Structure formats: structure tokens, C-alpha cells
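A structural walkthrough
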Protein chains: 2
Amino acid sequence: MKKVLIVGGVAGGATAAARIRRLDEQAQIIMFERGPHVSFSNCALPYYLGGLVKSKEKLLLMTPESFQTKYNIDARVNQEVIRIHRDEKKVEVKNLETNEVYEESYDVLILSPGANPVVPPFEGVDLPHVFTVRNVVDIDRLHQFVSGFNVERVAVIGGGFIGVEVAENLKEAGKEVALVEYAPQIMAPFDEDMAQILHKEMLDHGVELIVGDGLKKITETHIELNSGKQVEAQAVVLAIGVKPEVKLAKEAGLEIGELGGIKVNANYQTSDPSIYAVGDAIEVYHRLTRKPARLALAGPAVRQARAAADHIYGHKQENKGVIGSSVVKIFGLNCAVTGLNERAAKEAGIPYDSVYIIAPDKVGIMPNSNPLHFKLIFEVPTGRILGAQAIGKGNADKRIDVIATLITMGGTLEDLKELELTYSPIYGTARDVVNIAALVGLNVLHGDYKQVHVSEVRSLVEQGATFIDVREKNEFERGHLVNAINIPLSELRQRLEEIPRDKPVYVHCRSGQRSYNAVKILQHSGYANVYNVSGSFLGICLYEYFKDVTTGREKIVTEYNFK
Amino acid sequence: MKKVLIVGGVAGGATAAARIRRLDEQAQIIMFERGPHVSFSNCALPYYLGGLVKSKEKLLLMTPESFQTKYNIDARVNQEVIRIHRDEKKVEVKNLETNEVYEESYDVLILSPGANPVVPPFEGVDLPHVFTVRNVVDIDRLHQFVSGFNVERVAVIGGGFIGVEVAENLKEAGKEVALVEYAPQIMAPFDEDMAQILHKEMLDHGVELIVGDGLKKITETHIELNSGKQVEAQAVVLAIGVKPEVKLAKEAGLEIGELGGIKVNANYQTSDPSIYAVGDAIEVYHRLTRKPARLALAGPAVRQARAAADHIYGHKQENKGVIGSSVVKIFGLNCAVTGLNERAAKEAGIPYDSVYIIAPDKVGIMPNSNPLHFKLIFEVPTGRILGAQAIGKGNADKRIDVIATLITMGGTLEDLKELELTYSPIYGTARDVVNIAALVGLNVLHGDYKQVHVSEVRSLVEQGATFIDVREKNEFERGHLVNAINIPLSELRQRLEEIPRDKPVYVHCRSGQRSYNAVKILQHSGYANVYNVSGSFLGICLYEYFKDVTTGREKIVTEYNFK
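Bear in mind the structure is a predicted one, so any value in this text is a computation, not a measurement.

**What about the overall build of chain A?**
For chain A, the count of helices and strands is 17 helices and 30 strands. Against the 2.2 N^0.38 benchmark of 24 Å for 563 residues, chain A shows a C-alpha radius of gyration of 26 Å, consistent with a compact globule. In terms of principal-axis extent, the alpha carbons of chain A reach across some 90 × 55 × 40 Å. Long-range pairs, those at least 24 residues apart, make up 62% of the contacts in chain A with a sequence separation of at least 6. Accessible area of chain A: about 20600 Å², with a carbon and sulfur share of 48%.

Structure representation (C-alpha cells):
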């Protein structure tokens, strides 16, 4: 009879335990959890603040009792594994309620300790109104504090998934919220251009968003930032990031990877083959960068846990590595991402190009048809898909799931172009956003036309470049680039003489469809140096808005137009 | 200068015309449309009846004028191409307004005539209250008739996409609706088990659904069915199916395929290389059955049109064949399907198996978490994915798009199991429905356990088979299989002696998760002949409901439980 010990009782640990029971009715399975709860919905924690999850009890998916009755698993809460004796195949366990320490032997040990919130030694981090969010106890404390103590303003430090979700939920709960991010943008999985859309959404919903500024200290009434800025806050949530919890593994002499996570092989065995490790504490292999990566996501954790359990019982699993897919709701926007963004592709040294398109998520005549902002990153010259980012009121997650599937299968722009996706006017368009992105990507890849990105427009405008806006006159009048020439597509063939032939010409419309046709007309009419503005006028407005508003710099559009 | 004529001005024709213009600014492009409108949203027609599309003008995406100004395309409405003179490369065109006939020469001719509604010679089909739905004129006539003439009851004949959408929209418009389908089920792309869910949804929303009965004749006040049943109806919509419009092609001596569509090669050239054909009128190659197929869908039509245009200009496109992906809303349900269903796999002679799972579309504690019914069909023994069907209040289309992508890329159950899809509790579950289906599929493929389908349960019950219901007692009491033994999963290990060892045992719970664990416990406890009921109690109730209600046969459940 095998005896399996598991450290950590949330996603990875609980999954491993249940899987082992299905593989082996006889095994003795003990799962140790330091906290008072097992198997809670980690990812749902922020939604308790905003009221989407009505009670903290709902966050608990299983109890030690249900583990016992359903799985015959001994789930021990408030018990911390404090030492591993690898030579004796034993662990020391501390009962945190009694402080008693006892030993348990193992045949196999699975580590799923997770990751800890990073808490740098800022002045004031130990004050009682400073919180982190890792588990049900944390979120309950925060919830009680912000609802009970006359808290009106909360500062959230860190614009990653947790920071953003906490900020949104506190706002939904009626608080004034400041969100502070050290980097120039929130939500690092998104590229800078796409992040501007998120910034605008935050502003539009009344969050005081401060980017490019870091926390310096916390006082009882304020936070102070590196810039000297003071922000009033009766509660502070630190969501700066997480670091793998490797203390136990390290002290046991298990190998730690270059990124600070527990190192595992293809089967999630640590450097000691009797000890497996899964979840946020480990380093995984990124199938696109071909380098180690850290990925604090629940999906990969449960897959790793199952693979480890299977391996213990001799079932080998293929390890495909990870690509990283995630989604977050930011007020009215669904924001999804998979694979590599531009920064990651650059860092990995992979030659790439990208396209940014804005296409309706449903047929335009349908109620709730909305633009979907879609960025596709592909390898040059193979056209292999590397990553995508989608933001919109509609099903961004659907489009990104398709791309994630395609990336996993090694798909290219040609494959994406041809994908037969479900279509009806209330669900999408006959040629889906992702198909269109592939067509545009192929045009760029094959040099059928050249493009500039929205991030390049300001500098071109400042250099006096020639922009042709091919929207209709009434659209142009509702806002346009300060020096653009308005020649509607419908008049372009008759007004070619207004367009200079001796210098580059940059063409845009509202969202890119008409400008594509205009670019082809100009090319066929002998214009050699024509560029399409990827993202078009809508993209330009969104790209410029947040920085314009927060810095008061000179605008390059006469008026924003987000319609 | 190339002269291109196009027959048909909707999806395929309009796309080909626009693409050719982008490839060739000089080409003379003439598009002939027999009806008064070009480029209307075919798939949105039914939604004008229900009011989702507010005016018929909204259905028109482009006009002859906008084709002229934007694309320099001569779009001629009310003009029918009545003859092709291949030897002279000319067509005869009849102006339907003046009855004048004239000729146009071509270098290249593209046929995109679409498909016609099938109208068998029933008695009464020519009565003025009998309608078909092909274009804006048709839907406008129907809309005017049902809203203007005191029409209270409408009979829709045919339970395919158009029939179902028309029935739903008429219901939404406040009419009494009878939907009549000759086959034993509506929506042929779905298998019989999944179709029962759709039947229930129709009933629940007050549609009088009659399956397995055909139209015999139409009178001014009623329709009469083959069974002799009379159904009152002041309007009748025939949506029996469509047949490719091949008259023009046939008369010109172009080759017609075995399914009655225009035969084309990989580049959508007909047997005359100067004549291309695209859209609903042609036969395509099904990449899974490796046989010709007909596919009346807008997405493939626009892709074919683009490929044909590209080929005219020497750009060869890979022809990957089709898999067929579609989605339809039926009242509160999103119903999506891709690839082969069981019937199609059987017909194609492909060895296959299937699993039917019911999993939450979002984490259960989230508002609007609902069960998603998901059926996955895979090749045996390779595990290659052949098709899937998804039905639920949530994003069925998202899951099917993922499967469509996987099928296109030749993916297997192993690939699907590992897919890293976006996850957050408000969008899905850490292990998505599709991942779970793959895991279940692998269990079945590898013989880890055996299953029976919901369609087999009635006969097993009648034979007195042993069913173990592992739900909790209070769930059991709210409805169960008439002869099931209730042993909750939590008591199973203690009550094994109640389960016979000498005969097959069929295990179910509510949706399949607990029964899976129960099956493993029984297997590990020496039970050799254990079956899991794929679809579980919820699936059984849904499978039985419609037939029970409409036939009054003896129920095999004490009470339906759809929660």
C-alpha cells in the first residue's frame, strides 16, 4: 500500500489527491494545508469583495469532511509541513492549533505549496490596514475591514490580475479606489498599445489609475509614492506579485530553478524522484520561448497535478510545455491573452511581426455588436502564430481560446485564415475577427502592404507626415488627426492628384477596412510608399487618450472618437 | 484588362467582386443579381421577424451605389443571367424590369447563384399565405403578412436552421407557432440525444413541436399532416431545405456533382476553367469523410469566393476541405456543432466512439453558472477528434470553435486534454468542459471504464438492469430512475455488499462527476462489469422528457429533475 503525502490543499494538491484516489483505492493519502481551508476557489476571491460571490462559505469547494467521505482522503487543515527528511522519507508536521510537531512517513511526497504575495519592506507595510490577498482568510479580513471601518478610499498597489480584480471589486462595492502600478502600464501580459484600452476603461469607471509610479511608504491615512505624490487611503491592498514558496523544498536540498521556482522534470519530479512538485511553486517549460517560465494559473496547476499523480502510477504523460492563456474582466471589458506578447517575443529573440485589428464581434446590425480589439503576433517568416490579445465587450475569451488551440497545434496564419468557426449573426461574423487578423497578417508577412502601428503615429504626426483619412466627411468632422487630409474612399479614385507621390503616405479610416481598400487603390495607382495605420483612427484615439488625459500633453487628434 | 462577370450578388458574389478589385484596380467587374438587392445579410433574415433587426433596410449591407463608389464595381440588380455561351465567352442577361435581353462577354465568369428553397408539390403550396425565406423580399412579404392580416397561428415546416430560427422569431413576435419536422428530430447536425434538449426548449417556450410527421396538404385555414393531424395555421412557412441552383450551369454543360451541386476543382474552377463557382451551389470536399459534401453556410462561401478571386490572379490557395461548423440560438439555448455527428461518422464508415458530459460552463459559485451539454465524437483507436456538439445557456459557441480549430489541425483527445484555455471563474472552469470531455474520452478509448449512453437506459431499465444512483438521498428523492438503488458516493465504500457482483452494474449521479469516482471505487473493489451512464441523471431526464410528454408513454423516472 502506497502512502502519499501532499503539501498544500488548494488547486494542485486537491487535484493530485483526488486523482490518486481514482488510480488507487488502497493508497493512504494525507493532504496537509497550513491554512484553515482546503480546496477553495482561489481565483474567485476578489469577487467576494464586489458581492458577485455572496458569502465566504461559497468560496470553499470542499471540506476535510467531504474529502474523507468522497475520496477517503485525510485532509488536515492548520497543519504545516515544516521539514522534509528525504533520507528517511519523512516529514515533520506542525499542528498550528496545538503547536505540537509530529512526523509522517511517505512513499511519495507531492509539493503544491503555491506562491506567496511579494511584500517589499516599505515603511508601513505592517500597519493593520495593509492587506494581501492569497486565501479565504485574507479576503475575509479585507472584506470585513473595508465594509466595517468607515473605509471610503482604498489604494491597491500592483496592476496585475489580482490588483485589477480587487480594484474593480472594491469599486463595485462602492469604494473610491486608487490603483498604483510601478510599470508604465497595468496588466503586463498585454502589450503597451492594448493596455491603453484597459487604462481608459479604468478611468471611465472612476478608478484613480496611477502608472509609472511606485509605492514608497504607507501611513495610517495615506500612501506616498516615489514621485512624492500622496494618495489618501484608509486601506491598502498589496498585489505587487507573487513568488514561489520554495522554503521547504530549498531546505530539503531540492534543486531550485533559475527563476526561483522548484525545478521539475517532464513528469513533475523534483531532483528527488520520490518528491513531486506542481502549481505556482514550480518552474515550467514554455513551449514558445523554449525557456523556463513561471505561471501562477489554476488551469496548468490542475493539469500538472493530474500528470504527477499518473506518473506515480506508471502512466507517462506527454509534457507539452505551457503557453499561458488568461482572461480578466475589467468593468465592461473582457480581456484575454495567450502565448507571447511583443515584449516576450522580443526577449526570447524570436523574429516576429504583429497586426492590430478592430472588427465587429457580431454582425453590425445586431444589438450588442461591439468592436473587438484584436492583436495577433506571428513569427517571421514562418507565419507561425505566437500569441494574441483580445479586448472588447464581446467574447474576447472565445477568440483567444481559438488562438491558444492553434498555437498548441503549431498553427500558422494560413491555418488561421481558413478556420471554419461557428457563425450566425448573433454570435459573430461570417469571417470571424481571428480570420480577418490572419488575412491582414498574411498581407503584412508577404509584403502586400506596409503598416505602421498606433504607437508610431504621434511621432509621424510631429514630423509632418502625410496622413490620408478615407472616412466620410461627417466622420472626419467628429474628430481626426490634426494634419490629416480627408479623402473619403468613395472619392479616392477621383482625387488622387491631391496625394503626394514623392513621400510616404499613411492611410487610415475608422477601424481599418476602408483604409485597406484605399491602400490597394493607391498601390495599383503607382504609389510605392503607402502605409496602412494598423488599428486606424479608433486605435489612435484609444492609444492616445489615457496619456493625454493624465499628462495634459498636446493632443494629436482634434477630438477623440471612440464610437 | 480583364473582364469579370459574377452571377449572384450576395455572400459569395459580393466577396469575390470586392477581392478582385483589391487585386486588380483595372479589371472591369460586373455583378448580376436577379433580385432587387445585393449583399444583404442572409443569415439575419429571420431576426427581422422577431424584431432583433429593426428594419428591412438594415438587412442591406451594400447597395449598387456603394459598390460603385467604394469598389468601382458595376452591380446590376433585377438582372438575371439566363444563358452562358461558353464557346463565345458570353452570357445572356435579362433585365427583369424591362424584359430586355442583352449580352456581356467575359474573360472570367464566377457563378455564385446560391441555393433555392425546396418546395415539394404539396396540395396548397401556391396559396397566398404560404412562404419561403430566401431573401429580403421574401422576409419582408412574410413579415408584412404575419403582422398585418390578423395572423395568430403560423405553421413552420422543417426543423433545420431556417425553420427553427423562423419559428423562434415568430414566437418572439407573439404568434402561436407549430413547427413540423418529418424526421424524428429537429436540427439534423445534432445527434438524437442532444436534439432532445432542443425539443424540450421548444416545448418550454410554447412552440407546438411535431416531429416524425410530414406535411400532406395546405388549406386556407389549416395544414394537414401525413398522420392525418390537422394544425390550424393562417400562414405557412416552408423551410424544408435548399437545393443548389444549378440550372444555368447545367444548361451550359458544366459538370454537376453526385450530390447535385456544381462540381469544382481545388481552386473552385468548374469543368470549364474560365468559369468559377462558389457558395451554396457547389459541392465541396469534406476533410473528415473524404467525400463530396454540400454546405449552405456563409463562412465557407466567403472563403471560397476569396480563393477563387486569388486563383484568377495566379495566387494558389491551399484547399483544406470543409468540416462544417454552425451555431443557432434556440430561445435560451446556444447550440453549436462542428465536424461529424454520430450519424455522419457512421455513414462515412469511420470507427468512432462518443462521450456526453454535462459540466458547469463557469465556476459553480458564480451567478449564471449553468450546465453545458457537450458531446464529443472521436475516431477509434486514434483518438482523433471528429466532431462535437454543445448546448447550454453559456458559451457553447466558444467550446465548439475550439474543437473546430482542433479538428482542422488534426488534433486528438490527448491534445484536447492539454489545451491551455483562458480561465477565470466568471468565464469558465480551471479545467474547461472540453478538457474534461477529452479526459473522459481517453478513459473510454483506453477501456479504463465502460459506458452506456442515455439512449440505452430505457431498454436497460425495462430489462431490470441494476442502476446505482450515487447522489445524496435528498437529490434522489426529488426524482430518480424507477428501479435505481440509491447509495450516495459518500457511503459507497461502506455499502458495497448491497451491490451485486454477478451482473452488470450501471452507475450514475446527477451530471457524471461523482459516478466517475464511484465507478473507480467499484472497479478497484473487484467489480468487473461496471458501466458509467454517459450523461447521468440530468441527461436521462432530458433524453426522456420530450418523448414522454408527446407520447404519454410510461416514464422511467419518478420525476424529471432538470436542475
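**Examining the relation of the copies chain B and chain A**
The two copies are related by a screw operation: chain B maps onto chain A through 180° of rotation and 0.0 Å of translation along the axis, at an RMSD of 0.0 Å. What we have between these two chains is a two-fold relation. Same-surface contact between copies: 99% of interface residues of chain B are shared with the interface of chain A.

**Observations regarding the domain arrangement of chain A**
Residues and elements named next belong to chain A. Assigned domains within chain A: domain 1 (3-44 + 55-114 + 243-312), domain 2 (130-240), domain 3 (332-445) and domain 4 (451-551). Computed over C-alpha atoms, the centres of domain 1 and domain 3 are 36 Å apart. Contacts between the two partners involve five residues from domain 1, matched on the other side by seven residues from domain 3. Carbon and sulfur atoms supply 66% of the area buried between domain 1 and domain 3, which totals about 490 Å² over both sides. Of all residues in domain 1, Arg-287, Leu-288 and Thr-289 bury the most surface against domain 3, accounting for 81% of the area lost on that side. Linking domain 1 to domain 3 there are zero salt bridges.

**Brief notes about the interface of chain B and chain A**
Taken together, the contact pairs 87 residues of chain B with 86 residues of chain A. Counting each side, the surface lost to burial between chain B and chain A is near 7600 Å², with a carbon and sulfur contribution of 56%. Together, B:Arg22, B:Arg303 and B:Glu420 form the three largest contributors to the area buried by chain B at its contact with chain A, with a combined 11%. The interface formed by chain B and chain A holds eight salt bridges in total.

**Considerations on the sheet that holds strand E4 (residues 79-85) of chain A**
Residue and element names in this part refer to chain A. Reading across from one edge, E4-E5-E6 is the order of the three strands in this open sheet, with antiparallel pairing throughout. The strands lining the two open edges of the sheet, one partner per strand, are E4 and strand E6 (101-105). For this sheet, the mean inter-axis angle between neighbouring strands, taken without regard to orientation, is 30°. Inspection of the sheet shows strand E5 (residues 90-95) paired to E6 by five bridges, in the antiparallel sense. When the sheet's bridge partners are listed, Val-91 is paired in E6 with Glu-104.

**Some remarks on the sheet that holds strand E24 (residues 371-379) of chain B**
All names here are of chain B. Taken in spatial order, the five strands make up an open sheet running E21-E22-E25-E24-E23, and their pairing is antiparallel. The open sheet has two free edges, formed respectively by strand E21 (325-330) and strand E23 (352-360), since each of these has just one partner strand. The mean angle between the axes of side-by-side strands here comes to 10°, regardless of whether they run parallel or antiparallel. The pairing of E23 with E24 spans nine bridges and is classified as antiparallel. The residue of E24 that forms the bridge with Tyr-356 is Lys-375.

**Things to note about the UniProt feature "domain: Rhodanese" (unreviewed entry) in chain A**
The UniProt record marks residues 461-542 of chain A with the feature "domain: Rhodanese" (unreviewed entry), using the residue numbering of this structure. With 37% helix and 18% strand, residues 461-542 of chain A has its two end C-alpha atoms placed 16 Å apart.

**Considerations on the pairing of strand E14 (residues 222-225) of chain B**
Residues and elements named next belong to chain B. Bridge count between strand E13 (residues 215-218) and E14: three bridges; the pairing is antiparallel. In the strand pairing of E14, Leu-215 is matched with Leu-225. Once E13 ends, the chain turns through three residues before running back antiparallel as E14. Here E14 runs beside strand E15 (residues 230-232); their pairing, made up of three bridges, is antiparallel. Across the sheet, His-222 pairs through a bridge with Glu-232, a residue of E15. Linking E14 back to E15 in an antiparallel pair, the connection comprises four residues, with Gly-228 at a positive phi of about 95°.

**A word on the pairing of strand E29 (residues 505-508) of chain B**
Residue and element names in this part refer to chain B. Neither face of E29 is exposed, since Val-505 and Val-507 on one face and Tyr-506 and His-508 on the opposite face are all buried. Pairing analysis gives four bridges linking strand E27 (residues 466-469) to E29, with the strands arranged parallel. Looking at E29, one finds that Asp-469 is bridged to His-508. Where E29 meets strand E30 (residues 530-534), three bridges bridge the pair, whose relative direction is parallel. Across the sheet, Tyr-506 pairs through a bridge with Tyr-531, a residue of E30.

**Re the pattern of salt bridges**
Scanning the entire structure with this criterion turns up 86 salt bridges over all chains. Between A:Lys398 and B:Asp397 there is a salt bridge whose closest N-O contact spans 2.7 Å. Of the two residues, A:Lys398 is situated in helix H10 (residues 396-408) and B:Asp397 in helix H10 (residues 396-408); the pairing between them involves two chains. For the residue pair A:Lys398 and B:Asp397, the accessibility class agrees, reading buried in each case. Two residues, B:Lys3 and B:Glu104, come together in a salt bridge whose shortest N-O distance is 2.6 Å. Separated by 101 residues along the polypeptide, B:Lys3 in strand E1 (residues 3-7) and B:Glu104 in strand E6 (residues 101-105) bring together distant segments of the chain. On the accessibility criterion, B:Lys3 (13% relative accessible area) is buried. The exposure class assigned to B:Glu104 is buried, which follows from its relative accessible area of 12%.

**Quick look at the side chain of A:Arg303**
Checked against the element boundaries, A:Arg303 lands in helix H8 (residues 298-312). Among buried charged residues, A:Arg303 stands out as having no salt bridge; its nearest opposite-charge side chain is B:Glu418, 4.3 Å away. Among the polar contacts made by the side chain of A:Arg303, one reaches the main-chain carbonyl oxygen of B:Leu419 at a distance of 3.3 Å. Non-local contacts of A:Arg303, meaning those with residues more than four positions away in its chain, are made with B:Lys417, B:Glu418, B:Leu419, B:Glu420, B:Ala430, B:Arg431 and B:Asn435.

**Looking at the nonpolar core**
Soluble globular proteins: nonpolar side chains tend toward being buried together. Residues A:Phe374, A:Leu376, A:Phe467, B:Phe374, B:Leu376 and B:Phe467 are the most contacted members of the largest nonpolar core, which totals 268 residues. Beyond its immediate sequence surroundings of up to four residues, A:Leu376 is in contact with A:Asp353, A:Ser354, A:Val355, A:Ile385, A:Gly387, A:Ala388, A:Ile403, A:Leu413, A:Leu416, A:Ala437 and A:Ala438.

**Points about the environment of B:Ser39**
Residues and elements named next belong to chain B. With respect to the helices and strands, the residue Ser-39 is situated in the loop between strand E2 (28-33) and helix H2 (46-50). A C-alpha to C-alpha distance of 24 Å links Ser-39 and Glu-100, two positions 61 residues apart in sequence. Setting aside residues no more than four positions away along its own chain, Ser-39 makes contact with Gly-9, Val-10, Ala-14, Leu-59, Leu-60, Leu-61, Met-62 and Phe-67.

**Quick look at the packing of helix H1 (residues 11-23) of chain A against helix H16 (residues 513-524) of chain B**
H16(B) packs onto H1(A) with a crossing angle of 40° between their chain directions and a minimal axis gap of 8 Å. The angle between the axes of H1(A) and H16(B) places the two elements in the oblique class. Here H1(A) contributes A:Arg19, A:Arg21, A:Arg22 and A:Leu23 to the contact with H16(B), which in turn contributes B:Tyr516, B:Asn517, B:Lys520 and B:His524.

**Observations regarding helix H6 (residues 192-204) of chain B**
All names here are of chain B. Along its 13 residues, H6 runs 18 Å from first to last C-alpha, staying within 8% of the 18 Å computed at 1.5 Å per residue. Counting buried residues in H6 gives 10 out of 13 residues, a clear majority hidden from the surface. For H6, every residue scored as buried is listed here: Asp-193, Met-194, Ala-195, Gln-196, Ile-197, Leu-198, His-199, Lys-200, Glu-201 and Met-202. Downstream of H6 by a residue or two, Gly-206 has a phi angle that is positive, lying close to 80°.

**A closer look at the packing of aromatic side chains**
Residues and elements named next belong to chain A. Taken as a whole and judged by the stated rule, the model has 16 aromatic pairs over all chains. Judged by centre distance (5.1 Å) and plane angle (55°), the ring pair of Phe-131 and Phe-145 falls under tilted. With Phe-131 in strand E9 (residues 130-131) and Phe-145 in helix H4 (residues 136-148), the pair connects residues that are 14 residues apart, well separated along the chain. As far as burial versus exposure is concerned, Phe-131 and Phe-145 are alike and both buried.

Reading the values: rules and limits
Residues numbered from 1 in each chain as written. Chains lettered and ligands numbered in written order. Predicted model: local features only at pLDDT ≥ 70, side-chain atom pairs only at ≥ 80, totals over all residues. Heavy atoms only, no water. Helix = DSSP H or I, 4+ residues; strand = E, 2+ residues; numbered from the N terminus. Rg over C-alpha atoms; globule rule 2.2 N^0.38 Å. Contact = heavy atoms within 4.5 Å. Areas by Shrake-Rupley, 256 points an atom, 1.4 Å probe, with all protein chains shown as cover. Least-squares fit on C-alpha atoms with pLDDT ≥ 70 in both. Domains from an automatic or database assignment. Buried area = accessible area lost by both parts, 1.4 Å probe. Salt bridge = Lys/Arg side-chain N within 4 Å of Asp/Glu carboxyl O. Pairing = 2+ DSSP bridges. Axes fitted to C-alpha atoms, helices over the stretch in contact; angles between N-to-C directions. UniProt positions renumbered as here; feature names shortened; annotations may be inferred. Buried < 20%, exposed > 50% of the residue type's maximum accessible area, 1.4 Å probe, protein only. Lys, Arg positive; Asp, Glu negative; His and termini not counted. Polar contact = N/O pair within 3.5 Å; in protein donor to acceptor, adjacent residues only side chain to side chain. Core = buried A, V, L, I, M, F, W, Y, C linked by side-chain atoms within 4.5 Å. Parallel < 35°, antiparallel > 145°, perpendicular 65-115°, else oblique. Expected span 1.5 Å × (residues − 1). Phe/Tyr/Trp six-rings, centres within 6.5 Å; stacked < 30°, edge-to-face > 60°.

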